[in-house]
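Next come the chains, spelled out residue by residue.
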Amino acid sequence: MAEDSDLEKTEPASSRRLQQAREEGQVPRSREIGAFLILFVSAMAFWLMGAWMIERVSAVLRRGLSFEEAQLRDPHFILIRLADISFDTLISFAPFLAALVVAALISPFFLGSWNFTLKALTPDIARMNPMSGLSRMVSWSGLAELFKAVAKSLLVGGVAVWVLWSERNDIVALSSQTIDAGLYSAGHLINFSFLMIVLAMLVIVATDVPFQLWQFHNKLKMTKEEVRQESKEMEGNPEVKGRIRRLQREAARRRMMAAVPTADVIVTNPTHFAVALAYKSGMPAPKVLAKGMGNVALKIREIGAAHGVPMLEAAPLARALHRYVDIDQEIPSSLYAAVAEVLAYVYQLANWRKVGGQYPIPPREISIPDDMKVEVAYG
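All residue numbers refer to positions counted from 1 along the written sequence of the respective chain. Two thresholds apply to this predicted model, a pLDDT of at least 70 for residue-level local features and 80 or more for giving and counting side-chain atom pairs, whereas whole-chain, interface and lining totals are computed over all residues. The basis for every side-chain value is the complete set of non-hydrogen atoms in the structure, without hydrogens or water.

## Thoughts on the overall build of the protein chain
So, step 1. In this description a helix means any DSSP run of H or I spanning at least four residues, a strand means any run of E spanning at least two, and both kinds are numbered starting from the N terminus. Along the protein chain, the regular secondary structure elements total 14 helices and six strands.
So, step 2. A 1.4 Å probe rolled over the protein chains alone gives each residue an accessible area, and that area as a share of the maximum for its type sets the label: buried under 20%, exposed over 50%, partly exposed in between. Per-residue burial over the protein chain gives 29% buried out of 379 residues.
So, step 3. Contacts between residues were defined by any pair of non-hydrogen atoms, one from each residue, lying within 4.5 Å. A separation threshold of at least 6 residues defines the contact pool for the protein chain, and within that pool the share at least 24 residues apart is 74%.
So, step 4. Carbon and sulfur atoms make up 63% of the accessible area of the protein chain, which totals about 25,100 Å². Here, Shrake-Rupley sampling with a 1.4 Å probe gives the accessible areas, and only protein chains in the shown set may cover a residue.

## Overview of the side chain of Arg-319
So, step 1. Assignment of secondary structure puts Arg-319 in helix 13 (residues 315-324).
So, step 2. For Arg-319, a relative accessible area of 16% translates into the label buried.
So, step 3. Of note is the side chain of Arg-319, whose polar atom sits 3.3 Å from the side chain of Asn-269. Whenever a nitrogen or oxygen atom comes within 3.5 Å of another N or O atom, the pair is scored as a polar contact, on the condition that within protein one atom can donate a hydrogen and the other can accept it, and that pairs from neighbouring residues in sequence are kept only if both atoms are in side chains.

## Quick look at a nonpolar patch on the surface
So, step 1. Together, Val-101, Val-102, Leu-105, Ile-106, Phe-109 and Phe-110 make up a nonpolar patch on the protein surface, roughly 550 Å² of accessible area in all.
So, step 2. Judged by relative accessible area, which is 46%, Val-101 ranks as partly exposed. Like-charged residues are merged into a patch within 9 Å and nonpolar side chains (Val, Leu, Ile, Met, Phe, Trp, Tyr) within 5 Å, provided each residue has over 30% relative accessible area and no salt bridge. Just to be clear on terms, a salt bridge is a Lys or Arg side-chain nitrogen sitting within 4 Å of an Asp or Glu carboxyl oxygen.

## What to know about the environment of Phe-211
So, step 1. As for its position among the elements, Phe-211 is in helix 9 (residues 179-219).
So, step 2. Overall, the relative accessible area of 24% leaves Phe-211 in the partly exposed class.
So, step 3. With sequence-adjacent residues up to four places away left out, Phe-211 is seen in contact with Ala-144 and Glu-145.

## Overview of the pattern of salt bridges
So, step 1. All told, the structure shown has two salt bridges when counted by the stated rule.
So, step 2. Of the charged contacts in the structure, one is a salt bridge between Lys-280 and Asp-264, with a shortest N-O distance of 3.0 Å. Of this pair, Lys-280 sits in the loop between strand 4 (273-278) and strand 5 (287-293) while Asp-264 sits in the loop between helix 11 (238-259) and strand 3 (265-268), and the two are 16 residues apart along the sequence.
So, step 3. The class for Asp-264 is buried, based on a relative accessible area of 15%.

## Overview of the sheet that holds strand 4
So, step 1. A sheet is described by the order of its strands in space; here four strands give the open sequence 5-4-3-6, paired in mixed fashion. Each having just a single partner strand, strand 5 and strand 6 (311-313) make up the two edges of the open sheet. Pairs of neighbouring strands in the sheet enclose a mean axial angle of 20°, with direction left out of account.
So, step 2. The rule for pairing is simple: two strands pair if DSSP sees at least two bridges between them. Direction of pairing for strand 4 relative to strand 5: antiparallel, over a ladder of six bridges. The partner of Ala-274 across the bridge, within strand 5, is Gly-292.
So, step 3. Strand contacts of helix 12 (residues 295-306): strand 3, strand 4, strand 5 and strand 6, with the helix running at about 130° to strand 5, the strand carrying the most contacts. As a rule, the C-alpha atoms of each element are fitted with a line to give its axis, helices using only the stretch in contact, and angles between N-to-C directions run from 0 to 180 degrees.

## Comments concerning helix 14 (residues 336-355)
So, step 1. Expected helix span is computed as 1.5 Å times (number of residues minus one). In a regular helix each residue adds 1.5 Å, so 20 residues correspond to 28 Å; helix 14 covers 28 Å between its end C-alpha atoms and thus fits that length.
So, step 2. Listing the buried residues of helix 14 in full gives Ala-338, Val-339, Val-342, Leu-343, Tyr-345, Val-346 and Leu-349. Take helix 14 and look down its axis: the buried residues cluster within an arc of 155°, on one side only. Those residues of helix 14 that are exposed and angled more than 90 degrees off the buried face are Ala-337, Lys-354 and Val-355.
So, step 3. Against strand 3, strand 4, strand 6 and helix 13 lie the buried residues of helix 14. Each direction from the helix axis to a C-beta atom contributes to the arc, which is the arc of those directions.

## A few points about a positive patch on the surface
So, step 1. Neither His nor the chain termini are counted; the positive set is Lys and Arg, and the negative set is Asp and Glu. We put the charge of a Lys on NZ, of an Arg on CZ, of an Asp on CG and of a Glu on CD. Among the surface-exposed residues, Lys-241, Arg-243, Arg-245, Arg-246, Arg-249 and Arg-253 lie close enough to one another that they form a single positively charged patch.
So, step 2. Judged by relative accessible area, which is 48%, Arg-249 ranks as partly exposed.

## Quick look at the packing of aromatic side chains
So, step 1. Two rings from Phe, Tyr or Trp (for Trp, the six-membered ring) form a pair when their centres are within 6.5 Å of each other. A pair whose planes differ by under 30 degrees is stacked, one over 60 is edge-to-face, and the rest are tilted. Within this structure, the stated rule accounts for three aromatic pairs.
So, step 2. With a centroid separation of 4.9 Å and an interplanar angle of 80°, the aromatic rings of Trp-352 and Tyr-359 are classed as edge-to-face.
So, step 3. The class of Trp-352 is partly exposed, set by a relative accessible area of 30%.
So, step 4. Under the relative-accessibility criterion, Tyr-359 is labelled partly exposed at 42%.
So, step 5. In this scheme, the term charge over a ring applies when either NZ of a lysine or CZ of an arginine sits within 6 Å of the ring centre and within 35 degrees of the ring normal. Just above the ring of Trp-165 sits the side chain of Arg-168; from NZ or CZ to the centre is 4.2 Å.

## Digging into helix 5 (residues 77-106)
So, step 1. Helix length check: helix 5 (30 residues) gives 43 Å between terminal C-alpha atoms against 44 Å at 1.5 Å per residue, within 8%.
So, step 2. Most pronounced at Ala-94, the bend in helix 5 amounts to some 50°, and the proline Pro-95 follows within four residues.
So, step 3. Of the residues making up helix 5, those classed as buried are Phe-77, Arg-81, Asp-88, Ser-92, Phe-96, Leu-100 and Ala-103. The bend reported for a residue corresponds to the angle between axes fitted to the seven residues ending at that residue and the seven starting there.

## Regarding the pairing of strand 3
So, step 1. Side chains Val-265 and Val-267 of strand 3 all project onto a buried face; the interleaved residues Ile-266 and Thr-268 project onto the opposite face, where all are buried too.
So, step 2. The hairpin formed by strand 3 and strand 4 contains four residues between the paired strands.
So, step 3. Pairing analysis gives three bridges linking strand 3 to strand 6, with the strands arranged parallel. Bridging across to strand 6, Thr-268 finds its partner in Glu-313.

So, in structure tokens, the structure goes:
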């Protein structure tokens, strides 16, 4: 049962899932918003600029239909007149067309913003599969679209019938008016009726937008397993991260072991700890080249013995160096005196190997500060 619940899409889409969907061109869309804005802007444009546009178009028509007989003999006259009329007509409708363009451009902002992506243009053979198209038609989404189309037709048709019925007296009165007065009244009736029908679409928009948002987010829901997998990808798979850390530790250990042959002395516990020290000309203070305990300490001693690195048993100092000094770091000033005793012995041993004489006596009691002492319990 737990496995089945993990495979059910019950979790909301993550921000990464939403971003991926946006990059693929999947964003919430409502065609009703675009249609409403274009029709509403059209109605308002006719309402505000209708008289001016009619006057401009009338002037263009009068100009186009008036000409002199001599102008007809000019073979270029018709083309020139047609170009002038076309330009004047375009200027007459330019504000209206500009308003429609602005309405079409701002409609996506009601559900987010513009989204430019080329992935949506990538050919997809699955989209051409007739069975997939048929399944979309008979799906719940297709039924919802069908219900929405029927409801929209009934609503718009009902509002249109109501508007015409409420204005029936004015419509009948048109026949008794003069041509100029009748045209003005007819234009007013058309604008009013069109605006009322468009405003009725607000009900459709108010219903469609929440539905589209719900459908979009419901489609992108994730299973619990997908959430866990995404979390692993975002934060890093623990198994992969653990393997990376192991590889890093192994690489660091190899570099550390490679530095052991260059050490001046290896301070031991004698068996549980080993710390390789080096002090070369120009160094401000001795530095720890390698350290370890258990098997690592044994490996450090083996490499040191193979390369003739002197070893000195000094348990308190080895434990203090192992605890408080990191690899490739200089020893603290509180351990200068103790390490100086060790290096003095190493220099004496190197001199004995060169010239012989009395064998140097290793230091037995190397004292370190009390705050640097480390107590270790061995099991």
